[in-house]
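Below, each chain spelled out in residue letters.
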Amino acid sequence: MEPDHANKVLSSPPALEAKDNLSMMHSKFICCKLYISESRNTMAIDAIDSAARSDPQVAVLSKFEDCLYNRVRYTLVSYIVNDSSTDELIYSPIRKVLMAMMESAFSTINLELHSGAHPRMGVNDDLSFHPLGQATMEDAVRLAKLVASDIGNDLQVPVFLYAAAHPTGKSVGAIRRELGYYRPNYMGSQWSGSMLPDVLPISPDEGPSNVSSERGATTVGATPFLENYNVPILSKDVAAVRRITRSVSGRGGGLPSVQALALFHGDCTEIACLLDPDHVSAYQVQTVVEQIAADQGLEVEKGYFTDITKDRMLDKYLKIASTAD
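The shown structure was predicted, so the numbers you read here are calculated from the model rather than taken from an experiment.

**Q** Whenever I open this one, empty space enclosed by the protein confuses me. Can you help?
**A** Over the atoms rolls a probe the size of a water molecule, and its path tells where empty space is left. Enumeration according to the criterion identifies one cavity of 30 Å³ or more in this entry. Looking at the largest cavity, its volume works out to about 30 Å³. In terms of lining, the largest cavity is formed by Ala117, Gly188, Ser189, Trp191, Val238, Arg242, Ala262, Leu263 and Phe264. The dominant element in the lining of the largest cavity, judged by the number of residues it contributes, is strand 12 (residues 259–265), at three residues. Partitioned by chemical class, the residues of the lining of the largest cavity number six nonpolar, two polar and one charged.

**Q** Before we go on, may I ask you to explain the sheet that holds strand 11 (residues 227–233) in this structure?
**A** Pairing between the strands of a sheet comes from backbone hydrogen bonds, and it takes one of two forms, parallel or antiparallel. The four strands are arranged 12-13-11-14 in an open sheet whose pairing can be described as antiparallel. Of all strands in the sheet, those bounded by a partner on one side alone are strand 12 and strand 14 (304–305). Of the pairings in the sheet, the one linking strand 11 to strand 13 (residues 268–275) comprises seven bridges and is antiparallel in character. Across the sheet, residue asparagine 228 finds its bridge partner in strand 13, namely leucine 274. Contacting strand 11, strand 12 and strand 13, helix 6 (residues 238–248) runs over the sheet at an angle of about 165° to strand 12.

**Q** Help me out: how do you make sense of the sheet that holds strand 1 (residues 28–36) in this one?
**A** Sheet architecture is open: six strands sit in the order 2-3-1-7-10-8, paired in mixed fashion. Edge strands, defined here as strands with exactly one partner in the open sheet, are strand 2 (59–66) and strand 8 (159–163). Taken pair by pair, the neighbouring strands of this sheet meet at an average axis angle of 15°, ignoring direction. Of the pairings in the sheet, the one linking strand 1 to strand 3 (residues 71–79) comprises eight bridges and is antiparallel in character. Paired with phenylalanine 29 across the bridge in strand 3 is tyrosine 79. Contacts from helix 8 (residues 310–324) reach strand 1, strand 2, strand 3 and strand 7 (124–133), with the element oriented near 120° to strand 2.

**Q** Could you clarify how one ought to interpret unusual backbone geometry in this entry?
**A** Residues other than glycine seldom take positive phi values, yet asparagine 70 does so here, at roughly 55°. Mapped onto the elements of the fold, asparagine 70 is located in the loop between strand 2 and strand 3. Since its relative accessible area comes to 4%, asparagine 70 is described here as buried. With a phi angle near 75°, serine 257 is a residue other than glycine that sits in the positive phi range. With respect to the element layout, serine 257 can be found in the loop between helix 6 and strand 12.

**Q** Before we go on, may I ask you to explain the side chain of glutamate 38 in this structure?
**A** By the secondary structure assignment, glutamate 38 is in the loop between strand 1 and helix 2 (42–52). Here arginine 40 takes part through its backbone nitrogen, which lies 2.8 Å from a polar atom of the side chain of glutamate 38. In this view, glutamate 38 contacts Ala44, Ile45, Asn70, Arg71, Val72, Ile109 and His114; residues no more than four positions away in its chain are not counted.

**Q** How should I be thinking about the packing of aromatic side chains in this particular structure?
**A** The geometry of an aromatic ring pair comes down to the distance between the two centres and the angle between the two planes. Across all of its chains, the model carries three aromatic pairs by this definition. Centroid distance tyrosine 181 to tyrosine 182: 5.2 Å. Interplanar angle 85°. Geometry classified as edge-to-face. Here arginine 215 stacks its cationic end above the ring of phenylalanine 106, 4.4 Å away from the centre of that ring.

**Q** Mind showing me how you'd approach helix 7 (residues 282–295) here?
**A** Spacing of three or four residues puts side chains on the same side of an α-helix, whose turn is 3.6 residues. For helix 7, which comprises 14 residues, the first-to-last C-alpha distance of 20 Å matches the rise-based estimate of 20 Å (1.5 Å per residue) to within 8%. The complete set of buried residues in helix 7 reads Ala282, Val285, Gln286, Val289, Ile292 and Ala293. Mapping the buried residues of helix 7 onto a view down its axis gives an arc of 140°, with all of them on the same face. Exposed residues on helix 7 whose side chains face more than 90 degrees from its buried face are Tyr283, Ala294 and Asp295. Contacts from the buried residues of helix 7 go to strand 11, helix 6, strand 13 and strand 14. Glycine 297, located one to two residues past helix 7, shows a positive phi value of around 75°.

**Q** Honestly, the packing of helix 3 (residues 94–108) against helix 4 (residues 137–154) in this entry has me stumped. Any pointers?
**A** For any two helices packed against each other, one specifies the inter-axial angle together with the distance between the axes. For the pair helix 3 and helix 4, the least separation of the axes is 11 Å and the interaxial angle reads 35°. Between helix 3 and helix 4 lies a crossing of right-handed hand. Along its contact with helix 3, which presents Ile94, Arg95, Leu98, Met99 and Met102, the element helix 4 presents Leu143, Leu146, Val147, Asp150, Ile151 and Asp154. A class-by-class count of the residues in the contact of helix 3 with helix 4 yields eight nonpolar, no polar and three charged.

**Q** Help me out: how do you make sense of the packing of helix 2 against helix 3 in this one?
**A** The N-to-C vectors of helix 2 and helix 3 enclose an angle of 165°; their axes lie 8 Å apart at closest approach. In terms of orientation, helix 2 lies roughly antiparallel with respect to helix 3. Seen along the crossing, helix 2 lies across helix 3 with a hand that is right-handed. Across from Met43, Ala44, Ala47, Ile48, Ala51 and Ala52 in helix 2, the residues of helix 3 making contact are Val97, Ala100, Met101, Ser104, Ala105 and Thr108.

What counts as what
- Residues numbered from 1 in each chain as written.
- Predicted model: local features only at pLDDT ≥ 70, side-chain atom pairs only at ≥ 80, totals over all residues.
- Heavy atoms only, no water.
- 1 Å grid on protein atoms, 1.4 Å probe; cavity = no way out; pocket = protein on both sides within 12 Å on 5 of 7 lines; lining within 4 Å.
- Points joined across faces, edges and corners; volume = space filled by probe spheres on them.
- Helix = DSSP H or I, 4+ residues; strand = E, 2+ residues; numbered from the N terminus.
- Nonpolar A, V, L, I, M, F, W, Y, C, P; charged D, E, K, R; others polar.
- Pairing = 2+ DSSP bridges.
- Contact = heavy atoms within 4.5 Å.
- Axes fitted to C-alpha atoms, helices over the stretch in contact; angles between N-to-C directions.
- Buried < 20%, exposed > 50% of the residue type's maximum accessible area, 1.4 Å probe, protein only.
- Polar contact = N/O pair within 3.5 Å; in protein donor to acceptor, adjacent residues only side chain to side chain.
- Phe/Tyr/Trp six-rings, centres within 6.5 Å; stacked < 30°, edge-to-face > 60°.
- Lys NZ or Arg CZ within 6 Å of the ring centre and 35° of its normal.
- Expected span 1.5 Å × (residues − 1).
- Arc of directions from axis to C-beta.
- Left-handed = near helix turned anticlockwise from the far one by under 90°.
- Parallel < 35°, antiparallel > 145°, perpendicular 65-115°, else oblique.

This is how it looks when you write it as structure tokens:
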């Protein structure tokens, strides 16, 4: 006689079935990274966290806070729905959640009272959208423009579009340079209070041309998925580290597609990098930084990622969303 379990039909665990159902219902997903100028104000962060959890269909996959930079980044993922006849994006629950988070930030953070070692020009400083799954860059652009319109019209904050969301593909770096974003206004390496003029030198794509000193302005873009990788240099000589940064960045003739910024960070200076993992690896960035720093007699620590990688992102979202269901 066969054991009793031999005739049983093995079934998938409920969580796995929910995950499979979600991936069958939706094939297009979107990632948004929201950067907010605050990490020291517990009340503000708690309010933003609460807004981030307002819809179980939107998952916060990671949250990175840095008290020295006084900045927090939320990485959110959700699905998108397209019109069956035109294939244009018509809905994503992430849109409403982002608005709730930004409204919470504006109600609890005053840019005039903010200071930190990272440049910023707004309370809600930047939103970057990245397609996942079968979503296209056009989907990311459409959603970026919808959210930008929400910010500009409903919240009355100037918004600058960049990368694929901009009509000519203008980079976020180019916009920031025109607005003086990278120029510290306090103690040589810090940013404090409002740093934009009351009337902007360039016209925003959405919202008013006048800037509230309490709220500032926002950039919104759509790009391929980028990874955040920071490399600490054991030196307080920001000028020396900036020279290394220029040699590493694509703009300075270094590694293609790498965006890099030298920032004072306590007992060291960090090279904060954005890199396209399809073109450049963190290992390449680390190696080049170490080689150039060695020539200048500077010691380099092992770099670190501040977010999860693209290949883990969608799987983690499906697990979280299926558990919430």
